[in-house]
Each structure stands twice: as C-alpha cells, then as structure tokens.
Amino acid sequence: QVQLVESGGGLVQPGGSLRLSCGASGSITGIFGMGWYRQGPGKQRELVARITTGGITNYAESVKGRFTISRGNAKNTVHLQMNSLKPEDTAVYYCNVQAIGRVYWGQGTQVTVSS
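Not measured: the values here are computed from a predicted model.

Conventions adopted
Residues numbered from 1 in each chain as written. Predicted model: local features only at pLDDT ≥ 70, side-chain atom pairs only at ≥ 80, totals over all residues. Heavy atoms only, no water. Helix = DSSP H or I, 4+ residues; strand = E, 2+ residues; numbered from the N terminus. Buried < 20%, exposed > 50% of the residue type's maximum accessible area, 1.4 Å probe, protein only. Contact = heavy atoms within 4.5 Å. Disulfide = S-S within 2.5 Å. Pairing = 2+ DSSP bridges. Axes fitted to C-alpha atoms, helices over the stretch in contact; angles between N-to-C directions. Salt bridge = Lys/Arg side-chain N within 4 Å of Asp/Glu carboxyl O.

Enquirer: Just checking my understanding: could you explain the overall build of the chain for this structure?
Expert: Within the chain one finds 0 helices and 11 strands. Summarising its shape, the C-alpha atoms of the chain cover approximately 40 × 25 × 25 Å along the three principal directions. Relative to its full complement of 115 residues, the chain shows a buried share of 44%. Residue pairs at least 24 apart in sequence account for 53% of intrachain contacts in the chain once pairs closer than 6 positions are excluded.

Structure (structure tokens):
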C-alpha cells in the first residue's frame, strides 16, 4: 500500500524557516493535485497550500507571501518552504495527494514556532 512520508518538521524560533518534504513510498497514478494541510491545537484541519499537476498554486491567506509550495524533481514529491514563521503557524502539517478515485494522507509532521 502506498504511503506518504513527510520530513522537515521541528522547532524553530519566530521569524525562522523550515522546509517540509513529502514523498510517496510507491507509484501513484492519476494525480491531479498535491498539497499541505495543517491542524493546530484545538483547531480544525485547514488547507495551507496546494499545487496542481499543471503548476497552479493556491495558498491560505494567512501564509501568502511567506510559504511556497513546489513539486520535487522526483516523481510524486512535494515541498513546502516556510519563511517568516509565526507562533500561530504551530501545527501538525499533513501532506495530501489527490488522485483519480482516491485521496492519500501522510501521518503528519509537527512544526512548533516558539522562542
């Protein structure tokens, strides 16, 4: 069974940067979008950023200008560059892949922004 594996989370001070990466353990066919969601303490899971196979991106208003989503050189990989991090960015970040007939989720990686 294909799994999504995330990496790059951790503890960072306000104003710092982190880069999240996500890759699939196997081949996924029919992908039309890849993205990142997050769930902060006591909050619902929300979309952070998404990129289609055509390269169209969309971002949550709260991260525009600070976060950048990109597809990796390796097949079925996606990255999230996070700059100017704020305490309110603290959350578990989940990788998401949308394919024809199925949606895949990673297990999540913790991002903590704190001094």
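Enquirer: Explain the state of the cysteines here, please?
Expert: Disulfides are covalent bonds that connect the sulfur atoms of two cysteines. Evaluation of the coordinates by the stated rule reveals 1 disulfide. A disulfide bridge connects Cys 22 with Cys 95, and the sulfur atoms are separated by 2.0 Å. Judged by the torsion about the S-S bond (-85 degrees), the Cys 22/Cys 95 disulfide is left-handed. Of this pair, Cys 22 sits in strand E3 (residues 18-24) while Cys 95 is found in strand E9 (residues 91-99), placing the two residues 73 residues apart along the sequence. The class for Cys 95 is buried, based on a relative accessible area of 0%.

Enquirer: Sorry if this is basic, but what is going on with the pairing of strand E10 (residues 102-105) here?
Expert: Moving residue by residue along a regular strand, the side chains alternate between the two faces of the sheet. Pairing between E9 and E10: 4 bridges, direction antiparallel. Opposite Asn 96, over in E10, you have Trp 105 as the bridge partner. Hairpin connection of E9 to E10: 2 residues between the antiparallel strands, including Gly 101 at a positive phi of 85 degrees.

Enquirer: Help me understand the sheet that holds strand E8 (residues 77-82), please; the structure alone is not making it clear to me.
Expert: One key point about sheets: their strands pair by backbone hydrogen bonds, in either a parallel or an antiparallel sense. The 4 strands lie next to each other as E1-E3-E8-E7, forming an open sheet whose pairing is antiparallel. Every other strand in the sheet has two partners, leaving strand E1 (4-7) and strand E7 (67-71) as the edge strands with one partner each. Averaged over all pairs of adjacent strands, the angle between strand axes in this sheet comes to 15 degrees, irrespective of strand direction. The pairing of E7 with E8 spans 5 bridges and is antiparallel. Its bridge partner being in E8, Ile 69 is matched across the sheet by Leu 80.

Enquirer: When you look at the side chain of Thr 52 in this model, what are you seeing that I'm missing?
Expert: Along the chain, Thr 52 falls in strand E5 (residues 46-52). Residue classification places Thr 52 among the buried residues on the basis of a relative accessible area of 17%. With near-sequence residues (within four places) excluded, Thr 52 lies in contact with Phe 32, Gly 33 and Arg 71.

Enquirer: Just to check I follow, could you spell out the pattern of salt bridges for this structure?
Expert: Two side chains carrying opposite charge are able to pair once their charged atoms lie near each other. Within this structure, the stated rule accounts for 4 salt bridges. With a shortest N-O distance of 2.8 Å, Glu 46 and Arg 38 are connected by a salt bridge. With a relative accessible area of 5%, Arg 38 lands in the buried category. The salt bridge partner of Asp 89 is Arg 38, with a shortest N-O separation of 3.0 Å. Of this pair, Asp 89 sits in the loop between E8 and E9 while Arg 38 sits in strand E4 (residues 31-39), and the two are 51 residues apart along the sequence. Comparing Asp 89 with Arg 38, the two get one shared label, buried.

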